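Okay, here's what each chain looks like letter by letter:
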Amino acid sequence: MTTIASAPGKVLLTGGYLVLEQQFSGLVVGTSARFYTVIRPQTDLTAGTITVNSPQFEQALWNYKAIVTQHKLQFDSITESRNKFVETCLKYTLQVILERSNPSLVQQKLSHGIDITIVGDNDFYSQRAQLESKQLENTAEALNSLDPFCKTHATLSTVHKTGLGSSAALTTSLVAALLLHFQVVSNQFTDPEKKLIHNVAQFVHCLAQGKVGSGFDVSSAVWGSHQYKRFRPDILTPIMDENVDQKLLSSSVDADNLNWDNKVVPFQLPPGFDLMLADIDAGSHTPTLVGKVLHWKKTKPEESTLLWTQLGQFNLLVEQHFRELSRLYTQDSTDYNQTIERCSQLKSSDWHQQVQGKVAEEMVSLVNAFNKVRSLLQKMTELSQVPVEPQEQTRLLDACTDIPGVAMAGVPGAGGYDAIFCIVLSNRSKHLVRKVWESWKELSVGPLLSHADSNGVTSVSLASVPGLSDIL
Ligand SMILES: Nc1ncnc2c1ncn2[C@@H]1O[C@H](COP(=O)(O)OP(=O)(O)OP(=O)(O)O)[C@@H](O)[C@H]1O
Ligand SMILES: C[C@@](O)(CCOP(=O)(O)O)CC(=O)O
């Protein structure tokens, strides 16, 4: 039986940096771009052989040997080339499986080997080189013409990533596919099953990264769009050890382990709102940005605490206005739709003067709250001297915000020169935004095709994913 699990990418709309602390939250939106892990039993491999390949990349074939005796696992990498995330996923997820399943079932499923194929939607990786080689412009139309899961002509270490969280989506889809294949979870992915997938994926992701981050990216790969509050880091710090005891690991990641105090409040963009994304070729190294911001925060506790408090409040306000708009839709969808239609034809700076009613008031409050968030991120940039929203990005975001029907434009996550997002109200606005991106000279702005999709991890069939069977 072929097993396939899929997990989405993410965009952190608000809460970058703050979400590292438990007292603050982040608002994260899942993307339509997803990772897929396909596990197929083999008939001709020696017992315990696991082959993994990522067909979008060069030199992306890894072989492993997993020998199970009773509840013990002997796990070795056979190939010289390594993939830290894949290897960590396999080794520790199999250990968790052995604590929760009958070892003879595991042995039987590994008896002639298994083959694992991992792919991510094209949006996870910059397609600039691919488009250039085909002499195509970097436009949405050109991106649309590419095959699904197309080859990047790069290795995993040279490819340019777009910031959608490839390692978290990969980890989550691989953990979920393994738990499903070895029958530790059902293909329903019920709430407790998702908790187990989440906890295992957080552990694996942290161990492979070598640090316990906020975890919002793994959380959104599991639960899709939501308000995220992190788990206490000390649930993982004591087990961040390659030689972690298998029983301790399994009990630490248990769905019923109440030490996991992360909070997930489901969220959706209100009806009529959609997300657009662009990757900026300049790029930033997120760990460097985070290191520098946290260093400044430590040296300037007073000014940073004030900034964090204000930013935390306005981040929450943005979320509240989104939620209130969704509520207003359920109350009177006709009035709501009319207002959105009207707003989609006007610049957001004109909404206050030209559109009336409760929905319009809420739209204006949303824009005001997000403008405040951006001005606080600009202040963070100035005070810390770290380019969270650098001036080149400010000019681009202002140009986007000046387009009719654009509710907001911002830098996602850690900010820097990596990416931007826009929240828009109509297809016409989308078209106008893309025109601005295409003509923008100061930075190279590459559109992504993803839109908002609030679904988290799922089990899927081969036939339901266009292009997937072609690359197997
Ligand atoms: N298609 C894939 N197949 C196998 N491994 C992958 C794949 N895509 C990503 N990875 C793993 O994820 C690693 C990249 O993780 P890293 O933490 O550097 O990026 P990231 O922060 O998730 O990037 P981004 O958010 O830009 O996608 C790769 O080195 C590789 O181990
Ligand atoms: C700065 C930070 O809060 C967000 C980083 O987000 P992104 O990878 O830039 O989307 C770090 C983290 O939460 O792990």
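Here's a quick rundown of the structure. Note that the structure is predicted; figures quoted are calculated from it, not measured. (Residues numbered from 1 in each chain as written. Chains lettered and ligands numbered in written order. Predicted model: local features only at pLDDT ≥ 70, side-chain atom pairs only at ≥ 80, totals over all residues. Heavy atoms only, no water.)

1. Overview of the environment of Leu383
- Tracing the backbone shows Leu383 in helix 13 (residues 358-384).
- On the accessibility criterion, Leu383 (30% relative accessible area) is partly exposed.
- Sequence spacing of Leu383 and Glu303 is 80 residues, and the spatial spacing of their C-alpha atoms is 8.5 Å.
- Sequence-distant contacts of Leu383, defined by excluding residues within four places in its chain, comprise Trp296 and Glu303. (Helix = DSSP H or I, 4+ residues; strand = E, 2+ residues; numbered from the N terminus. Buried < 20%, exposed > 50% of the residue type's maximum accessible area, 1.4 Å probe, protein only. Contact = heavy atoms within 4.5 Å.)

2. Comments concerning empty space enclosed by the protein
- For the structure on display, the rule yields two cavities of 30 Å³ or more.
- Volume-wise, the largest cavity comes out at about 90 Å³.
- In terms of lining, the largest cavity is formed by 15 residues, of which the most central are Thr14, Gly15, Gly16, Leu377 and Gly413.
- For the lining of the largest cavity, the secondary structure elements donating two or more residues are strand 1 (3-14), helix 10 (301-331) and helix 13.
- Among the elements that make up the lining of the largest cavity, the one with the highest residue count is strand 1 (three residues).
- Tallied by class, the residues present in the lining of the largest cavity amount to 10 nonpolar, five polar and no charged.
- Taken as a whole, the second largest cavity spans an internal volume of roughly 70 Å³. (1 Å grid on protein atoms, 1.4 Å probe; cavity = no way out; pocket = protein on both sides within 12 Å on 5 of 7 lines; lining within 4 Å. Points joined across faces, edges and corners; volume = space filled by probe spheres on them. Nonpolar A, V, L, I, M, F, W, Y, C, P; charged D, E, K, R; others polar.)

3. Regarding the pattern of salt bridges
- As enumerated under the stated definition, the model contains 17 salt bridges in all.
- With a closest N to O distance of 3.1 Å, Arg40 and Asp115 form a salt bridge. You can see Arg40 sitting in strand 2 (residues 26-41) and its partner Asp115 sitting in strand 6 (residues 114-120), a full 75 residues away along the chain.
- We note a salt bridge from Arg374 to Asp398, for which the minimum N-O separation is 2.9 Å. Here the residue Arg374 occupies a position in helix 13, and Asp398 occupies one in helix 14 (residues 391-401), the gap between them amounting to 24 residues.
- On the basis of relative accessibility, which here comes to 6%, the residue Arg374 falls in the buried class.
- If you follow the salt bridges from partner to partner, you end up with Arg128, Asp279 and Asp281 in one network. (Salt bridge = Lys/Arg side-chain N within 4 Å of Asp/Glu carboxyl O.)

Function cannot be inferred from these measures alone, as they are strictly geometric.
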